[in-house]
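So the chains spell out like this:
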Amino acid sequence: MSLEDASLDVSEGELLAVVGENGAGKTSLMNVLYGLYQPDAGELSVGGQPVRFKSPRDAIARGIGMVHQHFMLVPTLTVAENVVLGREPTRRGLFDLERAISEVAATCARFGFQLEPRARVDTLTVGSQQKVEIVKALHRGAQVLVLDEPTAVLTPQESDELAQVMRGLVAQGRTVVLISHKLKEVLGVADRVAVMRRGRVVAEVRAAETTVGQLANLMVGEGPRHGTEARAPTSLAGLSPAASRVEAIGAALPEAAVPIPGGQVTTGMSALALMGGVPPGAATERPVPSSEGTGPTGTVALAITGGTPLEASSERAPATSAGEALLEASGLQAVGDNGRPALRGVDLTVRAGEIVGIAGVDGNGQRELAEVVTGLRALTSGSGTLLGGPLAGLTPAKARERGVGHVPEDRLRRAVVKALSVEENVALGRHTRPPFARGPWLDFAGRRERTLALLEAYDVRPPDPTLPLARLSGGNQQKVVVARELDAKPRLLVVVQPTRGLDIGAVAHVQAKLREARAHGAGVLLVSLDLEEVLALSDRVYVLFEGRVTGHFTRPDYDERELGRRMLGAGTGHA
Amino acid sequence: MPERLRQALPSVLSVLLALAVCWSLIALTMTPGTATAAYVEMLWGGIGNWPAWLNGAAATVITRPLGEAAMKAALLTLTGLSVAVAFKVGLFNIGAQGQMILGALAAAVVGAHVSLPAVLHIPAALVAAALAGAAWAGLAALLKLYRGVHEVISTIMLNWVALRLVDNWLVIGPLRGVAEGGQSITGTAEIQATATLPRLLGELSRLNLGFPLALLLAVVVWLWLERTRTGFETRAVGLGAEAARTAGVPVAKRTGVAMALAGAMAGLAGAVLVLGTEGRYPGTLGAPYGFDGIAIALIGNNHPLGAMGAALFFGVLRAGGTRMQLLDVHKSFPELIQGLALLFVAGRMVWLALLRRHEAAASVASVEVPRA
């Protein structure tokens, strides 16, 4: 589901960047390349020869090295030990540390890395640890080096240094594939940029001829979006989610971008080509997904006929007449899990009867914002009023008492307890109030009755309240969560990534319920990385970038280009 | 209730397998006849020699063994509950032994040095023991919540601290008892008659109030976990702490309370031992009922009633174990059976996986319900 007919090729001595929103399939594509996933269809060739990787071992043998986002180093071992781990030099059957050190020193010297082979890895900075990872791959003879979000953990200075390292490797004839969503950075270092969207490579452009804004537009896609997204018609239930989505991209490619014309772009000798989704042989002509969206794989993009242009205006009506402010915050600051500031002064308001969307590239403070509003994360500065009480000192219990509902991002960790039954999960968080409790006792009969009613209303299958929640599919689990939170009649509903990973029917159902909550006068704060979802549902949109609000848009004035630019920090003097 | 049965099945199978293995061991080293006879002796030693009674022996051939079994079962139930309750909130309480030592000491001190009528003296001694055990377990909970110390490490270490503190200092030092003649004795002073747990069958057996108390507590703990708001919160914390926190459950409080309750159960085991059987804190507490509690809880699937059932079963076996000596079979076989059963239960994931595979073959389609 995460990859669909994606094709890519890289030439020797080239630096190719792969960009896309979260979930666009970048990492999946690279995992196929590294032998971690096996493609269902399609072919992979290295140096012109078709290959099939059963495991990373095969990929390494073919000269492909991967530097993961999360380092795979043993912190208590030295640089040299980490680099040779798995293929240690030995002398008379014993590990030969001196030889390991000299070999690693030679590799470092050859590629110009300043690393002390005897240093313990846990004494190194993050940037240096990353270099160890790169040296490890090179030491194993990697010709093609794949870096997954390498700058996510680096300081700007370290990022600059990494850029030099990558250029240096390319100059020595190595091939580098850089996965990133930092567009500015990508354009500064890459030769060519491949843009992924919904599991496909939708465009490839020369870095020198492209701007950040154009790339952003390619990433998020443009065109007649509202109303075209498939929603909920139950007749679609039999189709795979990917197949029932309407692709609406083709029309949106800006002039400067170079869509791939029918076939492969092969610059020089093809070091590596990856043809996804297409059975070998059928792959001679690669389709650029167009608005007609007919691919050779049989994934027919549907035009939804009779598809209620969802934003049928009656549904949208309450938005304009938004009521009292439920959440008013100014100057919110909070620290993220990594100890760095995640919110750096956010002002926002959510009123009754409106859906307020938070757009942004992953990791720009959206998650922390939702956690602050639900009492899960403490404010370090700033103030606000939430449903008549202060935002400072909020706890999850207080938030619930005031009428905050929460559909968290990480369902299995935050929203449900898998090992408890469906009805126990329905009660979770409301187990102190009727009909779930009577005094200090749980009210089993009341709980059963309410659960059965909700399972019916939300079409949860199977409608068995005693089943352990883990036995439900992800979509049904999410319905249970949404049912629980909405049944509490929240005055403010905080939803984070409410439809991620759900199939099309469940997506539509959940979105319809959010609109219904708005219609009943609730305020909804919607955080989603899926910009389409944010735009389709929200009456107003705040754009977050690096913990600050960099844009505020009100329906119908959604200028997506401008939105995309704001998501990447434009208009703040930062980018 | 097939789901309940399936939960219990691995434990039952494990115990049966352990019985079979031990029988084989005896049969191989001696004769199969001896092995069977030893098991029969063990049974009569645990549940009473009914055939002898039917043949006209005194009622004590039944009441004495049953009383011994009940007293062992009471202690195992309480320590088993201790481990099981901690487990429900997601903690592994290895410290029941230390908590029991502190509880036993508190009961001995209150029993000997406080003068009250029996209706108040017994509850006072029991409460003191429960509080002492709770405090000792509470230390581990505080270390966990505020310093991130893993409870397995802290409770193991607190066991040793308790042992050294009580056996190697308090009991032979400040709290050492003095006999009436003035000569010193080992252990603390005798408890007063008003603090002694009354025997329920008089001279017929040593069965005392501790046994019904343990059973009652097992039922109360079960009801608390299953039927009350706070019990539900406790289980939710154990099964998904982050989800519980998101739902507004005070996770630290629930963890602390459950751990304190675990300590209280172990402390009560110490009190039952001192007030019911020993009459004072002896020089050393002897039997490691606290460690047995780990086995009992696990064999009982960390369910309060399951732990009670396991405790009753092994109470019978262990009371009867001494009778095996009549046939030159060592009396520690019941403990070996318990240990093996624990080992097999630890493999419960394997049992369940086997069961599941068996079922999955039958009903692949019904597990994942297709789509919304």
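The residue numbering used here restarts from 1 in each chain and proceeds along that chain's sequence as written. All chains are assigned letters beginning with A, and all ligands numbers beginning with 1, in the order in which they are written. Since the coordinates come from a predicted model, pLDDT governs what is reported: local features require at least 70, and pairs of side-chain atoms require 80 or more to be given and counted, while whole-chain, interface and lining totals use all residues. Hydrogens and water are ignored here; the side-chain numbers use all heavy atoms of the structure.

J.: In this structure, what is going on with helix 8 (residues 212-220) of chain A? I would like to understand it.
T.: Residues that lie three or four places apart on an α-helix share one face, since the helix turns once every 3.6 residues. Residues and elements named next belong to chain A. Buried, partly exposed and exposed residues are distinguished by accessible area as a fraction of the type maximum, computed with a 1.4 Å probe on protein chains only: under 20%, between the cut-offs, and over 50%, respectively. Numbering of helices and strands starts at the N terminus; helices are DSSP runs of H or I of at least 4 residues and strands are runs of E of at least 2. With respect to burial, helix 8 is a largely interior element, seven of its nine residues being buried. For helix 8, the complete set of buried residues consists of Q214, L215, A216, N217, L218, M219 and V220. Whether two residues are in contact is decided by their heavy atoms: any pair within 4.5 Å suffices. On the buried face of helix 8, the contacting elements are strand 2 (15-20), helix 7 (183-189), strand 10 (192-197), strand 11 (200-206), helix 17 (531-537) and helix 18 (560-567).

J.: How should the packing of aromatic side chains be read in this particular structure?
T.: Centre-to-centre distance and the angle between the planes together describe a pair of aromatic rings. Classification of ring pairs uses Phe, Tyr and Trp, with its six-membered ring standing for Trp, and accepts pairs whose centres are within 6.5 Å; under 30 degrees between planes counts as stacked, over 60 as edge-to-face, and the remaining range as tilted. Within the structure shown, the criterion is met by three aromatic pairs over all chains. Between F313(B) and F314(B) the ring centres are 5.2 Å apart and the planes differ by 85°, which places this aromatic pair in the edge-to-face class. A relative accessible area of 0% places F314(B) in the buried class. Any Lys NZ or Arg CZ found within 6 Å of a ring centre and within 35 degrees of that ring's normal is scored as a charge over the ring. When the ring centre of Y458(A) is taken as reference, the NZ or CZ atom of K513(A) above it lies at 4.5 Å.

J.: How do you make sense of the environment of P434(A) when you look at a structure like this?
T.: Residues and elements named next belong to chain A. If you trace the backbone, P434 turns up in the loop between helix 13 (422-427) and strand 19 (437-438). Exposure remark for P434: the relative accessible area of 66% places this residue in the exposed category. As a C-alpha pair, P434 and R447 span 13 residues in sequence and 8.5 Å in three-dimensional space.

J.: For this particular structure, what's the right way to read the nonpolar core?
T.: The nonpolar side chains of a soluble globular protein tend to be buried, and buried together. Core analysis: the biggest nonpolar cluster contains 101 residues, and L275(B), Y281(B), F314(B) and I337(B) have the highest contact counts within it. Considering every element that reaches this core, the biggest residue donor is helix 11 (residues 251-278) of chain B, with 13 residues. The contact partners of F314(B), leaving out residues within four places of it in the chain, are V15(B), L76(B), I296(B), I299(B), P334(B), I337(B), Q338(B) and A341(B). To form a nonpolar core, buried Ala, Val, Leu, Ile, Met, Phe, Trp, Tyr and Cys residues must be joined to one another through side-chain atoms within 4.5 Å. Counting residues in each nonpolar core, the second largest holds 62 residues, with V79(A), L187(A), A216(A) and L218(A) among its members.

J.: How should I be thinking about the pairing of strand 11 of chain A in this particular structure?
T.: Looking along a regular strand, one sees side chains alternate from face to face of the sheet. Residue and element names in this part refer to chain A. Summarising burial for strand 11: six of the seven residues are buried, a large majority. Any two strands with at least two DSSP bridges between them are considered paired. Relative to strand 11, strand 10 runs antiparallel, the two being bridged by six bridges. Bridging across to strand 11, V193 finds its partner in V205. Between the end of strand 10 and the start of strand 11, which pair antiparallel, lie two residues, with R198 showing a positive phi angle near 50°.

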